[in-house]
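Here's the letter readout for the chains.
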Amino acid sequence: MLGQILKHEVHKTKHEADAWNPQDKSEKFEYLTCFEKGTFQFDRMFSSPPEKRQKFIERITRNSKIYCAVFEKENPLNVLKIFVISVETVVDEVERQLDNSSNKISHVSLSVKWCEQNGKIVYPNQTNKPAET
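On a predicted model such as this, the values are computed, not experimentally measured, just so you know.

A separate point is the nonpolar core. By size, the foremost hydrophobic cluster in this structure holds 24 residues, and its most contacted members are Phe40, Phe42, Met45, Ile60, Cys68, Val90 and Val94. At the level of elements, β3 (24–35), β4 (39–46), α2 (50–61), β5 (65–71), β6 (79–86), α3 (87–100), β7 (105–111) and α4 (112–118) are the ones that each hand at least two residues to this core. If one sorts the elements of this core by residue count, α3 sits on top with 5 residues. Apart from residues no more than four positions distant in its own chain, Met45 is found in contact with Phe56, Ile57, Arg59, Ile60, Val94, Leu98, Lys104, Ile105, Ser106 and Val108. Tyr31, Ala69, Val79 and Ile82 belong to the second largest nonpolar core, which has 14 residues in total.

Right, here's the structure in full:
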């Protein structure tokens, strides 16, 4: 559904980026989703040891952009909005949360409010088509 809205090709395998630009397959994208009033999550992120932490950070840095889509809870097939957030901004927040975690393995959460403050809405827009993605 997100791939159709954003005009991306979507991976069908689990251990890859979620999608890519059909005109440039090296441009990869990560999709995070939640319901309204929910949070977006990267699960099972290692804060230590450093080599495991770096491997999990690469789940983010392999991408060109991160997309966060909010779905309507009462109608889960309805996309309310999609944010695009720079990889650098997401990595900074993930690193901050991992640094503050007392656990070796953590779930890193991004709130809708955080996305509003740090990203840009690309769907919907005035024409109900995605903005430049």
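A cis amide bond, omega -5°, links Ser48 with the succeeding residue Pro49. Tracing the chain through its elements places Pro49 in the loop between β4 and α2. The omega torsion of the bond from Tyr123 to Pro124 falls at -10°, within 30 degrees of zero and hence cis. Inspection of the secondary structure puts Pro124 in the segment after β8 (120–123). Its identity is not glycine, yet Lys37 carries a phi of approximately 70°, on the positive side. Turning to its location among the elements, Lys37 is positioned in the loop between β3 and β4. For Lys37, a relative accessible area of 87% translates into the label exposed. Positive phi outside glycine occurs at Arg44, with the angle close to 55°. For Arg44, the location among the structural elements is in strand β4.

Time to look at the packing of aromatic side chains. Overall, the coordinates contain 3 aromatic pairs when judged by the stated rule. Seen from their ring centres, Phe29 and Tyr67 are 5.5 Å apart, and the 80° between their planes marks the pair as edge-to-face. Of the two residues, Phe29 is situated in strand β3 and Tyr67 in strand β5; the sequence distance between them amounts to 38 residues. Accessibility expressed as a relative area gives 1% for Phe29, which makes it buried. Of the residues examined, Tyr67 reaches a relative accessible area of 1% and is grouped as buried. Ring centres 5.0 Å apart and planes at 40° place the aromatic pair Phe46 and Phe56 in the tilted group.

Here we take up the pairing of β5. The buried fraction of β5 amounts to 6 of the 7 residues, a majority that puts the element mostly inside the structure. Two strands pair when backbone bridges link them, and β3 and β5 are joined in this way by 7 bridges, in the parallel orientation. The residue bridging Cys34 from the neighbouring strand is Val70, located in β5. As paired elements, β5 and β6 share 7 bridges and run antiparallel to each other. Residue Val70 lies in a different strand from β6, and its bridge partner there is Lys81.

What counts as what
Residues numbered from 1 in each chain as written. Predicted model: local features only at pLDDT ≥ 70, side-chain atom pairs only at ≥ 80, totals over all residues. Heavy atoms only, no water. Core = buried A, V, L, I, M, F, W, Y, C linked by side-chain atoms within 4.5 Å. Buried < 20%, exposed > 50% of the residue type's maximum accessible area, 1.4 Å probe, protein only. Helix = DSSP H or I, 4+ residues; strand = E, 2+ residues; numbered from the N terminus. Contact = heavy atoms within 4.5 Å. Phe/Tyr/Trp six-rings, centres within 6.5 Å; stacked < 30°, edge-to-face > 60°. Pairing = 2+ DSSP bridges.

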